[in-house]
Amino acid sequence: MVLPLEMGWRHLLFENWPVDPAVMDAHLPDRLVPDVFDGSAWLSIVPFTNVAVRPKGLPEAFGIRLPELNVRTYVTREDVPSVYFFSLDAQGISSVVGARLFHHLPYYYARISLCWDDGRVRFSGRRRHPGSRPAQYAGTYWPTGAPFSASDDPFGEFLVERYRFYTEAQDGSLRYTDVEHDPWTLYPAAAAVETNTYLSAHGFVRPDGDPVYYYSPGLDVVASRSKHVRDD
């Protein structure tokens, strides 16, 4: 049996664009429904780094660091607000292979660097996964104001206070994982993004207008093993 995982998510940018719900629905598995805020579905890119990734119960010293970039949206199933991952790009080859085989997650191998310098995060990633559509992201992001609890901000709460995520496995099955963590602390943020081809790699036309940014220093997470969604 695959064990649940413990990890820390650190230095996250939530970069968010409004999308027509009908457009988003066309990109989702049939059993998921786009969740909306202010009448729009939302498409997000989230660069960050995982720290101390390890099977639940092991000391942090046994964990690994794993820089990552996610492409995600927000869905419901049976009225449960959740996240749907289109992709998860990560630095480590063995970790990507393990996540695909044992956790049924759409991970892609990428070359990624993340560093914290003088109050700003510099992130650079390029997908190198064999047979995948190329994608690249490079930019700098930073907090611009005072911290606040996500539950005190309606849009922030919509984006991050979700405790289940869905993915589509390589065999086409729909799977979900439940996560446990403390409530999120967010900051208003700004970003200087030089390159982003991840949206087009997943068939999305870049939305008009500027994205909405939030930053979080992160939190610790426990993720359950992946579970198969039973047919309706």
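Described in the following lines is the structure provided in the data block. Bear in mind the structure is a predicted one, so any value in this text is a computation, not a measurement.

Before going further, it helps to spend a moment on the overall build of the chain. Within the chain, the secondary structure is distributed over 4 helices and 14 strands. In terms of C-alpha radius of gyration, the chain reaches 17 Å, essentially the compact-globule figure of 17 Å for 232 residues. A principal-axis box enclosing the C-alpha atoms of the chain has dimensions of 45 × 45 × 40 Å. Classification of the 232 residues of the chain by burial places 52% in the buried group. Across the chain, every contact between residues at least 6 apart in sequence was considered, and the portion connecting residues at least 24 apart equals 67%. Between the centroid of the 22 positive side chains of the chain and the centroid of its 29 negative side chains there is a distance of 9 Å.

On to the pattern of salt bridges. Using the criterion set out here, one finds 8 salt bridges in the structure. Measuring nitrogen to oxygen at the nearest pair gives 2.7 Å for the salt bridge that ties Arg-164 to Asp-178. Of this pair, Arg-164 sits in strand β10 (residues 164-168) while Asp-178 is found in strand β11 (residues 174-180), placing the two residues 14 residues apart along the sequence. Asp-178 is paired through a salt bridge with Lys-227; the nearest N and O atoms lie 4.0 Å apart. You can see Asp-178 sitting in strand β11 and its partner Lys-227 sitting in strand β14 (residues 227-228), a full 49 residues away along the chain. On the accessibility criterion, Asp-178 (22% relative accessible area) is partly exposed. Residues joined by salt bridges that share partners form a network here, namely Arg-164, Asp-178 and Lys-227.

Attention now moves to the side chain of Ser-44. The residue Ser-44 is located in strand β3 (residues 41-55) in this model. We classify Ser-44 as buried; its relative accessible area is 0%. Side-chain polar atoms of Ser-44 contact the side chain of Tyr-74, separated by 2.7 Å. Setting aside its immediate chain neighbours within four residues, Ser-44 contacts Glu-15, Asn-16, Asn-70, Val-71, Arg-72, Tyr-74 and Leu-159.

Alternating residues of strand β7 (residues 120-127) divide into Val-121, Phe-123, Gly-125 and Arg-127, all buried, and Arg-120, Arg-122, Ser-124 and Arg-126, none buried. The loop that links strand β6 (residues 107-117) with its antiparallel partner β7 comprises 2 residues; one of these, Asp-118, has a positive phi angle of about 55°. As paired elements, β7 and strand β8 (residues 136-143) share 6 bridges and run antiparallel to each other. Looking at the pairing, Arg-126 lines up with Gln-136 of β8.

Calculation criteria
- Residues numbered from 1 in each chain as written.
- Predicted model: local features only at pLDDT ≥ 70, side-chain atom pairs only at ≥ 80, totals over all residues.
- Heavy atoms only, no water.
- Helix = DSSP H or I, 4+ residues; strand = E, 2+ residues; numbered from the N terminus.
- Rg over C-alpha atoms; globule rule 2.2 N^0.38 Å.
- Buried < 20%, exposed > 50% of the residue type's maximum accessible area, 1.4 Å probe, protein only.
- Contact = heavy atoms within 4.5 Å.
- Lys, Arg positive; Asp, Glu negative; His and termini not counted.
- Charge placed at Lys NZ, Arg CZ, Asp CG, Glu CD.
- Salt bridge = Lys/Arg side-chain N within 4 Å of Asp/Glu carboxyl O.
- Polar contact = N/O pair within 3.5 Å; in protein donor to acceptor, adjacent residues only side chain to side chain.
- Pairing = 2+ DSSP bridges.

Function cannot be inferred from these measures alone, as they are strictly geometric.
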